[in-house]
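# Structural characterization, general
Chain by chain, the residues run as shown.
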Amino acid sequence: MGAIVFNVTTAALMVMMVNCGLGVVGRDTLRGRPVPWTAVGLTALAVGGVLLQLAWAGAMDALDADPAKSGWWREFTSVFMQNGGLFGGLWNLLTLAAVAVLAEWYWGGWLVPAFFLAGVVLPGRLDTVLGLGDGPSTDPRNFAGSSGATYFLGATLALALLTRTRLPKEIALAVGVPVLGLAMWFAQGNGHGLVSVYGFALGAAAWAVRRRRNPGPQSGAPAHSAVRQDQAATAGSSSGL
């Protein structure tokens, strides 16, 4: 039962982040947007990692993040290895593609790999600084997989929605990402929840920097929710004249 709850809450958190991305980008604008080449490239790397595993039986041993093995590259190559079986691997690839596309359309191409890389290198170090971890994991399930970096990247979309909406439902959705993430961490020790909190925080920092440099409207998708409310308010005022 515990495993089922773990998987359901982990999936629910991802669904929330994807919906945040759709909200901030605008569901009705997807067809008119340019090809997200950075997201395509990142997803292609992940698919390539899976193909390498299928073609080379020693790929996991050579490229995973087992702390008992030497190799500086393991921290980075392990992200493109998958060890969750068929369905786990497909979930990781599909969610990475969806999150990367939405993130590129909002943040821009160069920030997507930057956030993804941050999702690889920061969580473990922050855990150590904050005293939330007991050193490198010895659980083989944590030696490979792209889900941690994907959830980190996805959480930046929740922050983006929070800064660009006035609708209570969307605000609740955006705030719900770090709240559920913390609940998952404390109740289940679910690392996906904790990395989502870290991603939300880094997204806030990136948004603040962007806001300082460009105090006008952001370069991403229009804040459709806020615009709808403004238009509704304007229409109401006009009808009362």
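Throughout what follows, the structure given in this document is the object of discussion. These numbers come from a predicted model, not from an experiment.

Glancing now at the overall build of the chain. When helices and strands are counted, the chain shows 10 helices and 0 strands. Reading the secondary structure of the chain in the N-to-C direction produces α-α-α-α-α-α-α-α-α-α. Across the 241 residues in the chain, those meeting the buried criterion constitute 42%. Residue pairs at least 24 apart in sequence account for 79% of intrachain contacts in the chain once pairs closer than 6 positions are excluded.

One finds Met17, Leu42, Trp107, Phe116, Leu153 and Val177 to be the most contacted residues of the largest nonpolar core, which totals 43 residues. The set of elements that each furnish at least two residues to this core consists of helix H1 (2–25), helix H2 (37–55), helix H5 (85–107), helix H6 (111–130), helix H7 (147–163), helix H8 (168–188) and helix H9 (191–213). If we skip the residues at most four places from it in the chain, Leu42 touches Phe80, Leu96, Ala100, Val112 and Phe116.

Under the definition given, this model contains 4 salt bridges. Residue Asp61 is joined to Lys69 by a salt bridge in which the shortest nitrogen-to-oxygen separation is 3.4 Å. Via salt bridges that share partners, Asp61, Asp64, Lys69 and Arg74 belong to a single interconnected network.

What counts and what doesn't
Residues numbered from 1 in each chain as written. Predicted model: local features only at pLDDT ≥ 70, side-chain atom pairs only at ≥ 80, totals over all residues. Heavy atoms only, no water. Helix = DSSP H or I, 4+ residues; strand = E, 2+ residues; numbered from the N terminus. Buried < 20%, exposed > 50% of the residue type's maximum accessible area, 1.4 Å probe, protein only. Contact = heavy atoms within 4.5 Å. Core = buried A, V, L, I, M, F, W, Y, C linked by side-chain atoms within 4.5 Å. Salt bridge = Lys/Arg side-chain N within 4 Å of Asp/Glu carboxyl O.

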